[in-house]
Structure formats: structure tokens, C-alpha cells
Amino acid sequence: MKVVGLMSGTSYDGVDVAAAEFTLDGDTLRLRPLGHRGLDYDDELRAAIGALLPPGSTTIEAVCRLDNRLGEVFAEAAAVGVELAGGAVDAVVSPGQTVFHWIADGRARGTLQLGAVARVAARVGVPVLSDLRSADVAAGGQGAPLVPAFDALLLDAADGAAPRAALNLGGIANLTVLAPGAPVLGYDVGPANALLDAAARRLLGRPCDLDGAHAATGRVHPGLLDVLLAEPYYAAPPPKSTGKELFHAGYLDARLAALGESVPADDVLATLTELTARVVAAECDRHGVVEVVAAGGGVRNPTLTARLAALGAGRWRLRTTDELGVPAQAKEAYAFALLGWLSWHGLPGALPSVTGAARAAVLGSWTPSGPAYRGAAAVVAPRRLRIAD
């Protein structure tokens, strides 16, 4: 089965596209990467998404316009995925752009992704899976993170004798912990690129601090770091999830104002980099992991990865999913392709031990196109994922 996975994360800088071929061999699922690509959003679309996100206000008209504009972009991305797969696929997974994740009293009450999925289905002519988080929220879960299902199969806790972790450094940093004989644990740790990008826009007039160059020349401001580390979210126990509804530009402005002194731009970026590294490292230490396998846009920031590696020295080693055959930049897109394969076969994609749901949910809603989707014959749930040559 060939599946195209799309992903647009909390950094909302573009769409990652990955095409994969899945073959089930007993209880081992083999994923053959067929190619991946990134499609950048233009400045106008990034601005439209940013204007709609919390703490900004919006209108139903703006939501409708953005929903359909994103649908057109995702349709183009899906078409690119079909090309990568050789011109034909069985399904596309288009989870959309998250614009709000409603958390109240530590519980997820709802979640909203935009991306006019009917436009995607009309463009590619195959069934499209969307709205992947709502089923888990309806079952009492956080609806996020969903990538741990991929991590659990890829890293297969039974293969090792000590805990290992998978780390994704997107807008938000999330961690999956796999330990022999224990349930899979996964949760959003805190900000990765979310506050760094907000600071770059505010202080540098740029979408990001490319390669962490400004952070590398700055100095960590102890007072600002203390203010940032006081965030209650870090001390909350999992399951938990977060996003731009908490870690946004206004959040950073408020912390800088609370500090009561001016901080140079490079020092702000250095401090935010240290914040992410400290929070992630503390969670890795807490779980006693011996290895951290990282992916996401943040692995392209050498200032951040060097600091993470330094904090883990002597306790855990840091490497990327590229060493396992999964391109770090495209890991989440491949993960959503896997979730599509699972849903197609009626298998759950969310892990209750991760999201806190009362039951494991089969994820998403299918939008048919071409031959009507009728499901597929039941298969044995795989225990591991291997990357084929």
C-alpha cells in the first residue's frame, strides 16, 4: 500500500510531504521511503495563519478563507507526494494546520485543524484521511502527540535493555519514552522553535534565527531564564499537550516585561535556546534514557543540538532519525503516513498511555474520492517498523 503523509506543524512555515510504501511481513511492518519534500508557505499565508492564532482575535470569514487557502496548498502538496510515489497512491493523510488546541484544567476539550480536505481529495482522486486528533479527544485523550505510535514501532522497546527516547523538535518539543516492560510514554515537553521563531520575528524582523547564529553569539540571561523556567506547564505531569495557544509572541512579551529590564536580541535567543535544551534534558534525565533519537526542524539548529548534546554528555547520546533511515525533517510526515495505513486497516493510531484516553482510537475521518473507500481486510497489528532499502 502506498500512502502520502502531509504535515504542517506549530511553526507554520510550510508543509512536509512524504510518500511511503508499506508491506506487512508477519508482525513486522516494512516502510519503504519513496521520497520527501518541503513546500514553504509564502509570506502572505504565514501572516494569515499567525493573525488567526491565539492570542489574536478573528472572524468566521477569516477562518473560512484560511481553511480553503490551506486546502489548496495541501492539495498541491498531496499532488507532489503522488509524483514522489511514482504517479499512483492508495491514500493521502492530510491532518491540516492546527489553529487551536483547547485545553482546560489539564484536559483537552477540543481541537481545530484547517485545510479544506475536500480540495485535497478532488486534486488527487484517492481517499484522504483528515481530522486525526478528534477521535482521541472524544475518548478522553489529549489528541496529541500522535507521533509516538510511529516511535514505538520504529524504536521497539523490546530491542534494548535500557530506556530510549524519541525527540521531535518542531514548534513544540515532544518526547516519546520507550522502556522494556513499560507502557509507551509520550507528551509535549515545552517550546522548541515556537518561542525562538516568535523572538526572531519580534527582534530581528526575520522568520527564524537561521542555524541558531544569533543565539550562538548571545549570552544566556540568568534572570530571564529563571522567569521562563517558572512556567507551571513544565511541572505538570503527563499526559499533557500544548502549542501556540500558550507559547506565542505575547507570552514572550509578558515574560520580558516581567523581567523589568532590556535584554539584547541575541541574548534573548540564547536564553530561549537554553530554555528548550534545559527542559528537554531534564525530562530525558528523569526517565533515565541512554539514547535520544531526534527529528524535526530543530535538528537543523546546530546551536540547539550542541547544547542538548552537552547536557546529555555522559548520560545519554544524541543522534537523529537519519541514522535509522528516516529523514529527520520528514519524520512527522512519514509518521502520519503510518497513521493513515493503520486507520485504513481499522487499527488504532493513538496510544492511551500517551494521550490519557480511555481507549485506543482509530483515528481520522475519510473523505472519499475515486473508488469509494470500503476499508480493507483486517491485518495483524504490527509490533515493529523497519526501514527498507
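The structure presented is a predicted model; accordingly, all values stated were derived computationally and were not measured. (Residues numbered from 1 in each chain as written. Predicted model: local features only at pLDDT ≥ 70, side-chain atom pairs only at ≥ 80, totals over all residues. Heavy atoms only, no water.)

**What about the UniProt feature "binding site: ATP" (unreviewed entry) in the protein chain?**
Taking the UniProt record as the reference, the feature "binding site: ATP" (unreviewed entry) is found at Gly9, Thr10, Ser11, Tyr12, Asp13, Gly14, Val15 and Asp16. On the accessibility criterion, Thr10 (23% relative accessible area) is partly exposed. With residues near it in sequence (within four places) discarded, Thr10 still touches Gly171, Ile172 and Lys244. Of note, Asp13 is situated in the loop between strand 1 (2-7) and strand 2 (14-25). (UniProt positions renumbered as here; feature names shortened; annotations may be inferred. Buried < 20%, exposed > 50% of the residue type's maximum accessible area, 1.4 Å probe, protein only. Contact = heavy atoms within 4.5 Å. Helix = DSSP H or I, 4+ residues; strand = E, 2+ residues; numbered from the N terminus.)

**Description of the nonpolar core**
Judged by nonpolar contacts, the single largest core of 41 residues is most densely connected at Leu167, Leu175, Leu272, Leu275 and Leu308. With 9 residues, the single largest contributor to this core is helix 10 (residues 265-286). Not counting chain neighbours up to four residues away, the residues in contact with Leu275 comprise Pro191, Leu195, Leu225, Leu228, Leu229 and Tyr234. Residues Ala149, Phe150, Leu154 and Ala361 belong to the second largest nonpolar core, which totals 35 residues. (Core = buried A, V, L, I, M, F, W, Y, C linked by side-chain atoms within 4.5 Å.)

**Considering the domain arrangement of the protein chain**
Partitioning the protein chain into domains gives domain 1 (2-146 + 330-367) and domain 2 (149-324). The straight-line distance from the C-alpha centre of domain 1 to that of domain 2 is 23 Å. At the boundary of domain 1 with domain 2, total buried surface from both sides reaches about 2,200 Å², with 60% on carbon and sulfur atoms. Our count for the domain 1 to domain 2 interface comes out at 1 salt bridge. Note that Asp151 is salt-bridged to Lys331, the shortest N-O span being 2.7 Å. Those elements giving two or more residues to the side of domain 1 that touches domain 2 turn out to be strand 5 (97-104), helix 12 (331-344) and helix 13 (352-355). (Domains from an automatic or database assignment. Buried area = accessible area lost by both parts, 1.4 Å probe. Salt bridge = Lys/Arg side-chain N within 4 Å of Asp/Glu carboxyl O.)

**Here we look at helix 2 (residues 60-84)**
Every α-helix carries 3.6 residues per turn, so stepping three or four residues along brings you back to the same face. Here helix 2 spans 36 Å end to end across 25 residues, near enough to the 36 Å set by a 1.5 Å rise per residue. A positive phi of about 95 degrees marks Gly86, the residue just after helix 2. (Expected span 1.5 Å × (residues − 1).)

**A few points about the pairing of strand 5**
Relative to strand 6 (residues 107-114), strand 5 is paired through 7 bridges, and the arrangement is antiparallel. What sits directly across from Ala104, in strand 6, is Arg107. Between the end of strand 5 and the start of strand 6, which pair antiparallel, lie 2 residues, with Asp105 showing a positive phi angle near 55 degrees. (Pairing = 2+ DSSP bridges.)

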